[in-house]
2 protein chains.
Amino acid sequence: MARARTDSDPRVRILDVAAQVFASSGFAGARIDDIAERARVNKAMLYYHVGDKQALYAAVLLQTIDHALARIDAALAAARSAEERLRVIVSTVAAAAQENPNFAPLMLRELASGGQSIPDQVVRRMARLFRTVAEILADGERAGRFRNVDPVMTHMSIMGSIIVLTAGAPIRRRIRDVVGGPRASFVDRSAADIAAHFSDLILEGLQKRVPAPARRRTRTK
Amino acid sequence: MARARTDSDPRVRILDVAAQVFASSGFAGARIDDIAERARVNKAMLYYHVGDKQALYAAVLLQTIDHALARIDAALAAARSAEERLRVIVSTVAAAAQENPNFAPLMLRELASGGQSIPDQVVRRMARLFRTVAEILADGERAGRFRNVDPVMTHMSIMGSIIVLTAGAPIRRRIRDVVGGPRASFVDRSAADIAAHFSDLILEGLQKRVPAPARRRTRTK
DNA sequence: GTCTATATACCGATAGAC
DNA sequence: GTCTATCGGTATATAGAC
């Protein structure tokens, strides 16, 4: 025991491959035979080590979100102001999503099925992330930097945008082929791009601002 | 012919039920037997009228996005300024998503699978919506009302947030049960709520503005 | 712990009677 | 146009030898 959990560990390979297959085919579309073959283990061994399909899926979800949250925690340790902390969250989630291509699809599929098969362990981790963001928003508001916004709406807007932006690359590519020529920078977005543009957008949107010397008319409605 | 396409039309019932089943179970998880039974048609009749599973799925996607786009077009006809037009898009998409509970899950699942099975017809409609939003952003920038932002990022941020916000209700409910008590207004969000909060956020984020004078320090914790 | 072989069930699609 | 019956393929899961 205390064996290094490297690629030589069958369970590590299985979870790795399973994450990939579940992400691209969904739970119902994933094939145990496929996962076993690609992980170079016998199918019976897969059942022996991880259990049935549901258990495998739950393990994949837990591992995926844990990895992302660990990154966020580490990055958040150094951040101070509310603006900075929010920016760190956006850039770290974007980086984690880009680094692990399975993250966004897995979350999107769970979102689509109403999160019925999300284990409680995973829900607790999601709740922790929400609490963190809510605290940041409250801090920023107390400091007079942020407007008063609904934390739930804001948190889901942030996470939703990052995840959709990350997972949207293939569809953007198809849309570009229809919209027309090789429009510059239409498709390929690095995590840094996504983080920069989006945290700008959201931070501008949150910031308390002087009603702008009412040029002429501000609102239309 | 020229028969009214009401519930008495088997094809209408089939597409209706299929949208629901594909939305909640995904393509691989959907069962033809299930769809046929719930649409009260014989399975062989389903194949006779709509074709195989892929054709049925494509028809569902097309019908779903067409219905949403028709609403947007109608609502957009009356809007003038860039701000107003963007607000109309946000509120109409939110309303359409809330009204048709299959819309968000179907889009999320396609997003997760990279849109491989989206028919070209549907891609063209998505491209048209993108073009509309891009024009609004360009108009607003020309009028000195919006900052210069990337239209692709912005469009996907907007659509992603609305869709995630709409589809996120069940997961919010699960998170609430973990985060704690019946926090007011944590879960149930009307389309109007979503549209109002989010279009505020995005419009503030886009607006050209004078920054607020920094108060003091930022941190409480 | 590892693999082969198989139980068991289901699902998409169609043939063919009426 | 409508239905029954069924083919053929494939999926998860396990039994049992080694």
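Since the structure is predicted, the reported quantities are computational estimates derived from the model, not experimental observations.

Peer 1: Explanation requested: the overall build of chain A in the structure shown.
Peer 2: Scanning chain A from terminus to terminus reveals ten helices and one strand. The secondary structure elements of chain A, listed N-terminal to C-terminal, are α-α-α-α-α-α-α-α-α-α-β. For chain A, the residues scored as buried account for 55% of the 221 residues in total. Partitioning the contacts of chain A with sequence separation of at least 6, the portion at a separation of at least 24 is 67%. Surface accessibility of chain A: about 10400 Å² in total, with carbon and sulfur atoms responsible for 51%.

Peer 1: What am I meant to see in the relation of the copies chain A and chain B here?
Peer 2: Both copies of the chain are tied together by a single rotation about an axis and a shift running along it. Between chain A and chain B, which share one sequence, the superposing operator has a rotation angle of 180 degrees and an axial displacement of 0.0 Å; the RMSD is 0.1 Å. The superposition operator between the copies reduces to a two-fold rotation axis. Taking C-alpha positions as the reference, the residue of chain A nearest the rotation axis is A:Gly205, at 1.8 Å. Both copies contact each other with a shared surface, as 92% of the interface residues of chain A are interface residues in chain B too.

Peer 1: What exactly am I supposed to notice about the protein's contact with DNA strand D here?
Peer 2: Within the structure, DNA strand D sits among 13 residues, and A:Ala30, A:Lys43, A:Tyr47, B:Asn42 and B:Met45 are positioned closest to it. When atoms of DNA strand D within 4 Å of the protein are split into backbone and base, the sugar-phosphate part holds 63%. Contacts to DNA strand D include A:Lys43, whose side-chain N or O atom sits 2.7 Å from a base nitrogen. Listing elements by their share of the surface near DNA strand D, those giving two or more residues are helix H2 (32-38) and helix H3 (43-50) of chain A together with helix H3 (43-50) of chain B. Taken together, the residues that form the surface near DNA strand D break down as six nonpolar, two polar and five charged.

Peer 1: What should I look at first to understand the nonpolar core in this one?
Peer 2: Buried together is how nonpolar side chains tend to be arranged in soluble globular proteins. In terms of nonpolar packing, the biggest core is built from 150 residues, with A:Phe22, A:Leu46, A:Leu56, B:Phe22, B:Leu46 and B:Leu56 touching the most fellow members. Not counting residues within four places of it along the chain, the set of residues in contact with A:Phe22 comprises A:Phe27, A:Ala30, A:Ile35, A:Lys53, A:Leu56, A:Tyr57, A:Val60, A:Leu106 and A:Arg109.

Peer 1: Could you clarify how one ought to interpret unusual backbone geometry in this entry?
Peer 2: A negative phi angle is the norm for most residues apart from glycine, just as the trans form is the norm for most peptide bonds. Residue and element names in this part refer to chain A. Unlike most non-glycine residues, arginine 40 shows phi in positive territory, near 55 degrees. Along the polypeptide, arginine 40 turns up in the loop between H2 and H3. Its relative accessible area of 62% is what places arginine 40 among the exposed residues.

Peer 1: Looking at this structure, how should I read the interface of chain A and chain B?
Peer 2: Each partner contributes to the interface: chain A provides 76 residues, whereas chain B provides 75 residues. Across the chain A/chain B interface, buried area totals approximately 6500 Å², and carbon plus sulfur atoms make up 65% of it. Between B:Arg174 and A:Asp120 there is a salt bridge, with the nearest N and O atoms lying 2.7 Å from each other. In this structure, the connection of chain A to chain B is made through eleven residue pairs in polar contact (both at pLDDT 80 or more). Where the side of chain A that touches chain B is concerned, the elements lending two or more residues are helix H1 (10-29), helix H5 (82-99), helix H6 (103-112), helix H7 (120-142), helix H8 (151-167), helix H9 (169-179), helix H10 (191-206) and strand S1 (209-210) of chain A. Considering every element that reaches the side of chain A that touches chain B, the biggest residue donor is H10(A), with ten residues. Within the side of chain A that touches chain B, the residues separate by chemical class into 33 nonpolar, 18 polar and 25 charged.

Peer 1: Where do I start with the protein's contact with DNA strand C in this structure?
Peer 2: Near DNA strand C lie 13 residues; those nearest to it are A:Asn42, A:Met45, B:Ile32, B:Lys43 and B:Tyr47. At the protein interface, 63% of the atoms of DNA strand C within 4 Å belong to sugar or phosphate. Between a phosphate oxygen of DNA strand C and a side-chain N or O atom of A:Asn42, the distance comes to 3.3 Å. A distance of 2.9 Å is found between a phosphate oxygen of DNA strand C and a backbone nitrogen or oxygen belonging to B:Ile32. Counting residues per element, the ones that place at least two in the surface near DNA strand C are H3 of chain A together with helix H2 (32-38) and H3 of chain B. In terms of residues, the surface near DNA strand C owes the most to one element, H3(A), which gives four residues. Of the residues belonging to the surface near DNA strand C, the class tally is six nonpolar, two polar and five charged.

Peer 1: Even after reading the chapter, I still don't get the packing of aromatic side chains, so can you show me in this structure?
Peer 2: The geometry of two aromatic rings is summed up by the distance between their centres and the angle between their planes. What the rule picks out here adds up to six aromatic pairs over all chains. Consider the rings of B:Phe22 and B:Phe27, whose centres lie 5.9 Å apart with planes at 10 degrees: the pair is stacked. Given the relative accessible area of 27%, B:Phe27 is considered partly exposed. Taking the centre distance of 5.4 Å and the plane angle of 70 degrees together, the rings of B:Phe27 and B:Tyr57 count as edge-to-face. Pair noted here: B:Phe27 is in helix H1 (residues 10-29) and B:Tyr57 is in helix H4 (residues 53-76), with a separation of 30 residues, a long-range link. Put simply, the rings of A:Phe22, A:Phe27 and A:Tyr57 touch in pairs and so form one group of aromatic residues. The lysine or arginine in question, B:Lys53, covers the ring of B:Phe27, its NZ or CZ lying 4.7 Å from the ring centre.

Cut-offs used in this document
Residues numbered from 1 in each chain as written. Chains lettered and ligands numbered in written order. Predicted model: local features only at pLDDT ≥ 70, side-chain atom pairs only at ≥ 80, totals over all residues. Heavy atoms only, no water. Helix = DSSP H or I, 4+ residues; strand = E, 2+ residues; numbered from the N terminus. Buried < 20%, exposed > 50% of the residue type's maximum accessible area, 1.4 Å probe, protein only. Contact = heavy atoms within 4.5 Å. Areas by Shrake-Rupley, 256 points an atom, 1.4 Å probe, with all protein chains shown as cover. Least-squares fit on C-alpha atoms with pLDDT ≥ 70 in both. Near = heavy atom within 4 Å. Polar contact = N/O pair within 3.5 Å; in protein donor to acceptor, adjacent residues only side chain to side chain. Nonpolar A, V, L, I, M, F, W, Y, C, P; charged D, E, K, R; others polar. Core = buried A, V, L, I, M, F, W, Y, C linked by side-chain atoms within 4.5 Å. Buried area = accessible area lost by both parts, 1.4 Å probe. Salt bridge = Lys/Arg side-chain N within 4 Å of Asp/Glu carboxyl O. Phe/Tyr/Trp six-rings, centres within 6.5 Å; stacked < 30°, edge-to-face > 60°. Lys NZ or Arg CZ within 6 Å of the ring centre and 35° of its normal.

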